[in-house]
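One-letter residues, chain by chain:
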Amino acid sequence: MCAPLFIIKGMHFMRYSKATFFLILTLMMSLSVLGISQGQSDENGQPGMLRNPLNPYGGADPWLTYYDGYYYLSATTWRSELLMSKSETLAGLKTAIPQQIYAESDPSRCCNMWAPEFYLLDGPNGPRWYFYYSAGTSGTLDNQHTHVLESEGTDPMGPYHYKARLYDPTNDVWAIDGSVLQLDDQLYFLFSSWVGPNQSMFIAEMSDPWTISGARHLISQPTYDWERVGANVNEGPVALFHEDDLFIIYSASTCSVPDYKLGMLTYNGGDPLMQSSWEKHPEPVFQQSPENDVFGPGHNGFFMSPDGTENWIVYHANDSAAGGCDDGRTTRVQKFTWNEDGTPNFGEPVSTETEIAAPSGDNGIDPVPDFAEQPKVRYQNYTHELAFLSHNDDIGAIDIDPRPIADSQFYIYPGFADENAVSIRSINMPAHFLIHDGNVIKFAPNDGSDEFAQKATWNTIPGLADDEWISLEPYDQPGWVISRQFGVTALVKVTDSLNEQMREYATFREVSD
Ligand code: AHR
C-alpha cells in the first residue's frame, strides 16, 4: 500500500486526469508498502528531521517502542479494535497505515479500548508481547477494566490472542491505564481506579504477565491543586528508570482540560507496595505550553533511540485549549534529558511548527510535515449538497451532514487491485478501507489478502445522474455501483430500470475537506 495521494488542493470537483494521476502515482511508488513505512518521500523535509504530531487524528494515550529495526505505535481507538503502526523511521509512522492487531466480539470486554501498552516479557513459552489495554461494555464507561493480549511469537504486529482480564481478586472494581513495572525480578501492575471522588494510582504484585496475585495498594492520590483541575485525577502511570533511580510518571487532572499534565513519583527504595516508598514531586514535570499551542499534554510512554543513546517521551496533546478527551488528541514525541539530581527534564512540549531532530541513527524524511496540508477527500452526493459518503461505526452510509465530519473524510490510494482505480481509507478509523461485502457497503481493515484487495478497489466511472460527476463501481463487480436501495446504502446493479433517485444516490463528486 502507499501513503495517501496528495490531492491537488483547490481542485474541487476532482476527477483524476491520467496525467495527474500518474504524476501522483509516481510519487506514491516511493512510499510505504503494506503497513510499513520507510518514511521516504522526495518532496518533504530534511533527512533526520521531523515535526509533530505523528498522526492527524486518534493519537491519544500513545505507546511507542523501537524493536528489531522498527518503531511500533499504538493509541486509544475508542472502538472494539486495537491497531498497530510500524515504520523503519519515526517520521514514517505518519504515513504507515495502522494494522488491526485485535478486534473484540465479546460484549463484556469490548468498546472504548483505551491506553495500549505492549511489553516483551517472558511467558511460559518464552518471550512474548503482552499487550495491555482498557475496555468495557457498550454505551457506558462505568465498566472499564484492564485486559491483556499475548502474542503468538515475538512479532509486535502479532498475531495476538486474548489472554486475561487483570483485576485485584480482593477488590474487583473499575480500573484503567494498566502498566507494567519490572523491579528486582518482580512484576508489578500499575493502574488507576477510584477512591471516592479521587481517581487514584495503585500498585499490585503480578505472578505472571497476565495475573494480579495480590491486593492492590494505593500509592498516590490527586492532592495538589494542579492534580485537581476539572476532576481529581492520577492516571496513566508509567515506570521510568535512570541508572539506579526509578520514577513513576503519571497524568494529573482531567483529560479534557488544557491543564492535563504530568506528575512524578520517585521511588525511595522501600517496599514498592507501600505509599511511603513513593515521594511525589510537588510540582508538575510537564504541562501545557500556550505559546507553543500545545494543550493538555499527557498520558505518556517512553522509548529509546535506535542506538540506545537517547531517551524519548511519547505523549498526546491538543492543538487548542478547547480540545477535549476525544479522538482529536494527537501523538507527539520529543527527546528529553536528565537534571543534575538525576530526575528527568522533559522541558516543555514542542510546537507542531518546530522541526526536531529525529532519534540518533534515524535519517528518515518526514513524509507529512504538516497534516493540515494533506487535504482529505469527501464524496458529496448528488441528492443534497450536505449529503456525503460516510460511515456509522463500520457500516457505509450516505448521510446528510455527517458528524463528526471525520466520518466522511477519506485518504485516497491507488487501488490495491488496480493502480488505475482507487482504494478509500477512513481518516478516523485509520486501519479501515471502503469495501463491499456482497452488496453491503462497509469499512474494514486490510488483512493483506488478495480478496481484500479486490473488494477494496473502486473504479470511478461517469456519474449515473451526471457524467460530470462520478459513480463508484467495485473493481471486482463491474456493472454495479454504490447507491441506496430501500433506505440502505448498498451496491445496486446498473440496469435501465434504476429509478432517477437511485441514479442520483449513485452519483458523487470528490470535494476537498
Ligand atoms: O483517553 C481515554 C482515557 O481517558 C485514558 O485511558 C485515561 O487516561 C483517560 O481518563
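Computed from a predicted model, the values in this text were never measured in an experiment.

## Comments concerning the overall build of the chain
Within the chain one finds three helices and 36 strands. In terms of overall dimensions, the chain is globule-like: its C-alpha atoms have a radius of gyration of 24 Å, near the 24 Å expected for 513 residues. Dimensions of the chain along its principal axes, counting C-alpha atoms only, are 80 × 50 × 45 Å. The proportion of buried residues among the 513 residues of the chain is 60%.

## Comments concerning the pattern of salt bridges
On inspection of all chains with the given rule, the structure shows 15 salt bridges. With its nearest N and O atoms 4.0 Å apart, the salt bridge here joins Asp61 to Arg329. Here the residue Asp61 occupies a position in the loop between β2 (49-50) and β3 (63-67), and Arg329 occupies one in the loop between β21 (311-318) and β22 (330-338), the gap between them amounting to 268 residues. Overall, Arg329 belongs to the buried group, its relative accessible area being 2%.

## A closer look at the domain arrangement of the chain
What the domain assignment reports for the chain is domain 1 (5-23 + 374-511) and domain 2 (30-372). For domain 1 and domain 2, the distance between their C-alpha centroids amounts to 35 Å. Contacts between the two partners involve 17 residues from domain 1, matched on the other side by 17 residues from domain 2. In this assembly, domain 1 packs against domain 2 so that about 1,300 Å² is buried in total across both faces, 60% of it on carbon and sulfur atoms.

## Section: the site of the ligand
Around the ligand, a shell composed of Asp61, Trp114, Ala115, Ile176, Asp177, Glu235, Cys255, Tyr260, His299, Cys325 and Arg329 is seen. Here an oxygen atom of the ligand and a side-chain polar atom of Asp61 are 2.6 Å apart. A distance of 2.7 Å separates an oxygen atom of the ligand from a polar side-chain atom of Glu235. Protein contact buries 95% of the 280 Å² of open area that the ligand shows by itself. Breaking the shell around the ligand down by element, the ones donating at least two residues are β7 (110-123) and β11 (176-183).

## Overview of the sheet that holds strand β9 (residues 145-151)
Taking strand neighbours across the sheet as the criterion, the four strands line up as β7-β8-β9-β10 in an open arrangement whose pairing is antiparallel. Every interior strand has two partners, whereas the edge strands, β7 and β10 (160-166), have only one. This sheet shows a mean twist of 25° between the axes of neighbouring strands, independent of strand direction.

## Things to note about the sheet that holds β21
Here four strands make up an open sheet; going across it, the order is β20-β21-β22-β23 and the pairing antiparallel. With one partner strand each, in any of the chains shown, β20 (295-304) and β23 (344-345) form the two edges of the open sheet. Note: β22 against β23, two bridges, orientation antiparallel. Counterpart to Trp338 in the pairing with β23 is Pro344.

Thresholds, definitions, all that
- Residues numbered from 1 in each chain as written.
- Predicted model: local features only at pLDDT ≥ 70, side-chain atom pairs only at ≥ 80, totals over all residues.
- Heavy atoms only, no water.
- Helix = DSSP H or I, 4+ residues; strand = E, 2+ residues; numbered from the N terminus.
- Rg over C-alpha atoms; globule rule 2.2 N^0.38 Å.
- Buried < 20%, exposed > 50% of the residue type's maximum accessible area, 1.4 Å probe, protein only.
- Salt bridge = Lys/Arg side-chain N within 4 Å of Asp/Glu carboxyl O.
- Domains from an automatic or database assignment.
- Contact = heavy atoms within 4.5 Å.
- Buried area = accessible area lost by both parts, 1.4 Å probe.
- Near = heavy atom within 4 Å.
- Polar contact = N/O pair within 3.5 Å; in protein donor to acceptor, adjacent residues only side chain to side chain.
- Areas by Shrake-Rupley, 256 points an atom, 1.4 Å probe, with all protein chains shown as cover.
- Pairing = 2+ DSSP bridges.
- Axes fitted to C-alpha atoms, helices over the stretch in contact; angles between N-to-C directions.

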